[in-house]
Amino acid sequence: MLLLSMHENLHLVLAILSLTAGSAGVAIADVTIDACVAQNSISHPSLAADMQSLCAFSSSVGALLGFSISGIFVHLIGPTGVFGLMTIPAGLVILVGFLLDEPRVHNLSYRQVNQNFVDAGKAMWTAFKREDVWRPCLYMYLSLALSLNILEGMFYWYTDSKDGPSFSQESVGFIFSISSVGSLLGAILYQYALKDYAFRDLLFWTQLLYGLSGMLDLILVLRLNLKFNIPDYVFVVIVESIAQMTNRLKWMPMLVLSSKLCPSGIEGTFFALLMSIDNVGLLTSSWGGGFVLHVLKITRTQFDNIWLAILIRNILRITPICMLFLVPRVDPNSFILLPRESVDSKVDIDASETKNVELMSLVHTVDGI
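Cut-offs used in this document
- Residues numbered from 1 in each chain as written.
- Predicted model: local features only at pLDDT ≥ 70, side-chain atom pairs only at ≥ 80, totals over all residues.
- Heavy atoms only, no water.
- Disulfide = S-S within 2.5 Å.
- Phe/Tyr/Trp six-rings, centres within 6.5 Å; stacked < 30°, edge-to-face > 60°.
- Buried < 20%, exposed > 50% of the residue type's maximum accessible area, 1.4 Å probe, protein only.
- Lys NZ or Arg CZ within 6 Å of the ring centre and 35° of its normal.
- Helix = DSSP H or I, 4+ residues; strand = E, 2+ residues; numbered from the N terminus.
- Contact = heavy atoms within 4.5 Å.
- Patch = residues over 30% accessible without salt bridge, like charges linked within 9 Å, V, L, I, M, F, W, Y side chains within 5 Å.
- Areas by Shrake-Rupley, 256 points an atom, 1.4 Å probe, with all protein chains shown as cover.
- Salt bridge = Lys/Arg side-chain N within 4 Å of Asp/Glu carboxyl O.

J.: Tell me about the state of the cysteines, residues and numbers included.
T.: Scanning the model with the defined rule gives zero disulfides in all. Left unpaired, Cys36 is separated from the closest cysteine sulfur, that of Cys55, by 9.5 Å.

Here it is in structure tokens:
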């Protein structure tokens, strides 16, 4: 971020590498905290939903703060100045690393790193072949992949002066900041009203609500809100708030379910694998959304078929309901995998040798752990 902020005419390759490095840093920090949550979810199953709710709440507060100040700072100090400010949260993440309470590792033996890596890979593959693991993973991927991302087309429609409401880019950023409250409300609603419901039942209703809420975008692009004397700005805030709330409600049980699928001994590593699968689903969603926008010839200035793109997206959002049989009919307080269940008799971790196959460290853990 410092490199991007100090060089206004930075070469394109270096700029891409810098952004990639920044994204990698965020991803590593995210996976690390996810690993901590997954490990604690296995040791304290009754608190799994509470921990995910806390993470979602914190993420929503951060998104609300970021959306609120991003447009202001871009206007005041420009994009390069904003990149410079991005070094502050990076420094805070480093500070969090010092604050994490971990046991000191003695007598590091890096000769075992390669073997630990192989053992972790075998354990993950053995676990992933289990029917009660791969079936929910398949559902989570399909649920994310079939929710096409057409946000790029909607953004250009928001700022179009002919067919759209002609919002400024700063106004769009401010709208997203206000609608982040919807994500916050979704996390609170899940924590206090929905966290004890069975995964399958909750996913059915949240997926259905997620698909139906997308119809509000259809009302917006057809300009039906104006017939009811609802200003575009107010209606867009309502639409985006409901969209983020329903998306959060759909995402929360999947996070809790993911933490339940992690075998003992490789919790953090396996949870990172599950999150990678989910990220592939989001990437597939973006590719699919871009393909639909391309086929329907929706560009920065052409929006004749954007209503059809929204309709296709909403129909596909509901289709994962037909695949809910892949999700186990258990509640968040139940075990899907036993806490100390061995993922494979051939991959036996000898406690006396204090070997830890956790991919994050790939080193020996302390004695007795």
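J.: Go over the packing of aromatic side chains with me, naming the residues and quoting the values.
T.: Inspection of every chain in the model, using the stated rule, returns five aromatic pairs. Centre to centre, the rings of Phe204 and Trp205 are 5.0 Å apart; their planes meet at 85°, and the pair counts as edge-to-face. Since its relative accessible area comes to 30%, Phe204 is described here as partly exposed. Relative accessible area serves as the criterion here: at 57%, Trp205 is assigned to the exposed category. Connected via pairs of aromatic rings, a cluster forms that spans Trp157, Tyr158, Phe167 and Tyr233. Taking the ring centre of Tyr210 as reference, the NZ or CZ of Arg317 above it sits at 4.0 Å.

J.: Any chance you could break down the environment of Tyr197 for me, citing the residues and the numbers?
T.: Within the secondary structure, Tyr197 is located in the loop between helix 8 (169-194) and helix 9 (199-213). Its relative accessible area of 48% is what places Tyr197 among the partly exposed residues. Along the sequence, Tyr197 and Pro332 sit 135 residues apart, while their C-alpha atoms lie 7.3 Å from each other. Ignoring sequence-local partners within four residues, the contact set of Tyr197 consists of Leu202, Asp331 and Pro332.

J.: Residues and numbers for a nonpolar patch on the surface, please.
T.: On the surface, a nonpolar cluster with roughly 1,000 Å² of combined accessible area is contributed by Leu65, Ile69, Ile72, Phe73, Leu76, Ile77, Leu85, Ile88, Leu92, Leu95 and Leu99. Among the secondary structure elements, those contributing two or more residues to the nonpolar patch are helix 3 (48-85) and helix 4 (87-99). A per-element tally of the nonpolar patch places helix 3 first, with seven residues. With respect to the helices and strands, Leu95 occurs in helix 4. Leu95 sits in the partly exposed class, given a relative accessible area of 46%.

J.: Could you give me a rundown of unusual backbone geometry, with the residues and numbers involved?
T.: Its identity as a non-glycine residue notwithstanding, Asn229 has a phi of 60°, on the positive side. Assignment of secondary structure puts Asn229 in the loop between helix 11 (224-227) and helix 12 (232-260). Backbone geometry places Lys297, a non-glycine residue, at a positive phi of 60°.

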